[in-house]
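Secondary and tertiary structure notes
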Amino acid sequence: MAESSGQHRIKKIKYGARTVPIALQDVNGPCPLLALSNVMLLRGDITIHTDRSFVSVDELMAMISDHMLARAPQFSDDGMKANHDQNISDAITMFPKLQEGLDVNVKFQHIHDFEFTKELVVFDMLNISLVHGWLVDPQDAAYSTVSKLSYNQIVELIVNHQAKSDRLKQSAPARLERSSDSIGSSFTSDQDLALLRTFLDDSASQLTYHGLLELHEKLKEQELAVFFRNNHFSVITKHAGRLYLLVTDQGYLHQNQVVWERLDEVEGDTVLVDSDFVPFRPHESDLAPELAAESQQAAFVLAPVDGEEDPSLALARRMQEEEDMRLAQQLDGAELEENSDGTDDEEIERAKKGKHKKHHNALPASAVDAPPKPKASASAGGAKKKSLSQSAKENRTISHSSKEKDKDDSG
């Protein structure tokens, strides 16, 4: 069955003693609906039959709505009931936005610090915490400035200040001086603005070490919440004192050993774990399909299409071919040198053996019993060849001396 628009694949994972179907994400995006649905599935608030392979967006929203209405408390006060009914109505109105993303404005003092909007009512009505780790450290020089503002306010201040500065640069010096005084007396000074810029630059990942520590401290063991970072919503939990994010990437649909992702670094690689929170270690058989796919993809990219090839790809191909040829020549040269060295050693050894065997009786005992000279190093090929010619010359000299000696004896 092919996946259609508005449907999400289902992956069955183990959570505690239960097998729980969770909804996966096919494309990258915020999708708070998936985060809320998966928290509720893990908590048992809503259920999907384990035989299902897909779940539609409409089904998820209907299940959440039914749960929200079913858990409405009984109020003795009409005013409180009317207020609760209005909150439910507001939350249901926000359901279409849950699929696309919510307008969330972060504040920087604690993990639950968000500017309150109607869009966040749904979290309150479902009793699900929305948390983040983009916090300013109280020991940071920017704390007194950043802690008073939301993200939107910081961005607005920086943009407005830049726009004013650009306009003032085109003004007369006198007017520039008067205007600069008014800017300096506003909510933030130039120094404050520099601190705000530095904070945003240093925490571009939207997670700080102080935020990580606060998440560790404030989240309860086995608590399930929704974690907001980089306009993305994920399920977060705490297990054995460590933080984990639920892996909902559809690429891991058939990888049952990948369930959670450890959250212990602000930037860099993370550790994938299984349902028992044991680190995942892929086997070679698991990697083989991925490597084959990468190889096929590389071949496809470099292959010309319809006889024509993109100039940049052609250049890349030529550079790769030249590099392959250079490496091949180096390997051939190394092999040739190795074979040449081996041949010289064998020739020298045969010359020595032939000399000793043929003229053993003609050599003095001291020469026969003398230890052989050390072989030349592999890098001294020329010296070996010279030694070989010298050995042949010595052979002729020794043979001539033996003949002279035999002639004298016979005389």
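To be clear, the structure that these remarks concern was listed above.
The structure contained in this document is the topic of the report that follows. (Residues numbered from 1 in each chain as written. Predicted model: local features only at pLDDT ≥ 70, side-chain atom pairs only at ≥ 80, totals over all residues. Heavy atoms only, no water.)

**Quick look at the overall build of the chain**
The helix and strand tally for the chain stands at 14 helices and 9 strands. Looking at the 411 residues of the chain, the share that counts as buried comes to 34%. Considering only contacts within the chain whose residues lie at least 6 apart along the sequence, 59% involve residues at least 24 apart. (Helix = DSSP H or I, 4+ residues; strand = E, 2+ residues; numbered from the N terminus. Buried < 20%, exposed > 50% of the residue type's maximum accessible area, 1.4 Å probe, protein only. Contact = heavy atoms within 4.5 Å.)

**Some remarks on the sheet that holds strand β1 (residues 7-15)**
Strand order in the open sheet formed by 3 strands is β2-β1-β3, and the pairing between neighbours is antiparallel. The sheet is open, and its two edges are formed by β2 (18-23) and β3 (54-56), each paired on a single side. Pairs of neighbouring strands in the sheet enclose a mean axial angle of 40°, with direction left out of account. Summarising the sheet, β1 and β3 pair through 3 bridges and their orientation is antiparallel. In the sheet register, H8 faces β3, and the bridge partner there is V55. Helix-sheet contacts for helix α1 (residues 32-43) involve β1 and β2, and the interaxial angle to β2 is about 170°. In the packing of helix α2 (residues 57-70) onto the sheet, contacts are made with β1 and β3, and the angle to β3 comes to roughly 70°. (Pairing = 2+ DSSP bridges. Axes fitted to C-alpha atoms, helices over the stretch in contact; angles between N-to-C directions.)

**Let's talk about a nonpolar patch on the surface**
On the surface, Y151, V155 and V159 cluster together into a nonpolar patch covering about 220 Å² of accessible area. Residue V155 is classed as partly exposed on the basis of its relative accessible area, which comes to 30%. (Patch = residues over 30% accessible without salt bridge, like charges linked within 9 Å, V, L, I, M, F, W, Y side chains within 5 Å. Areas by Shrake-Rupley, 256 points an atom, 1.4 Å probe, with all protein chains shown as cover. Salt bridge = Lys/Arg side-chain N within 4 Å of Asp/Glu carboxyl O.)

**Remarks on the pairing of strand β6 (residues 232-239)**
Judged by how many residues are buried, β6 sits mostly within the fold: 6 of 8 residues are covered. The pairing of strand β5 (residues 224-229) with β6 spans 6 bridges and is classified as antiparallel. Each residue of the ladder has a partner; that of A225, found in β6, is I236. Between β5 and β6, which follow one another and run antiparallel, lie 2 residues, and N230 among them has a positive phi close to 50°.

**With respect to the nonpolar core**
Counting residues in hydrophobic clusters, the biggest one holds 64 residues, and the most contacted among them are L42, M68, V122, F123, V226, F233 and W260. With 8 residues, the single largest contributor to this core is α1. Those residues within four positions of M68 in sequence are excluded, and the remaining contacts are I88, A91, F95, V122, M125 and L126. (Core = buried A, V, L, I, M, F, W, Y, C linked by side-chain atoms within 4.5 Å.)

**Here's the deal with the packing of aromatic side chains**
To describe a pair of aromatic rings, you give the distance between the ring centres and the angle between the ring planes. Here the structure, examined in full by the defined rule, presents 7 aromatic pairs. An angle of 55° between the planes, with centres 4.8 Å apart, marks the rings of Y244 and F277 as tilted. Remark: F277 occurs in the loop between β9 (272-273) and α11 (284-302) and Y244 occurs in strand β7 (residues 242-246); sequence separation between them is 33 residues. Since its relative accessible area comes to 13%, F277 is described here as buried. Ring centres of W260 and F277 lie 5.7 Å apart, and the angle between their planes is 20°; on these two criteria the pair is classed as stacked. Here W260 is found in strand β8 (residues 260-262), whereas its partner F277 is found in the loop between β9 and α11, with 17 residues between them in sequence. Just as W260 is buried, F277 falls in that class too. (Phe/Tyr/Trp six-rings, centres within 6.5 Å; stacked < 30°, edge-to-face > 60°.)

**Observations regarding the sheet that holds β7**
Ordered by their spatial adjacency, 6 strands build an open sheet running β4-β5-β6-β7-β8-β9, and the pairing between neighbours is mixed. Each of the sheet's edge strands pairs with one partner strand only, and the pair in question is β4 (130-131) and β9. Relative to the sheet, helix α10 (residues 209-218) contacts β4, β5, β6 and β7, its axis offset from that of β7 by approximately 95°.

**Points about unusual backbone geometry**
Of note, the phi angle at Q222 is positive, near 70°, even though the residue is not glycine. Tracing the backbone shows Q222 in the loop between α10 and β5. The phi angle at A240 is positive, at roughly 55°, despite the residue not being glycine. Along the chain, the position of A240 falls in the loop between β6 and β7. By relative accessible area, which is 62% here, A240 ends up exposed.

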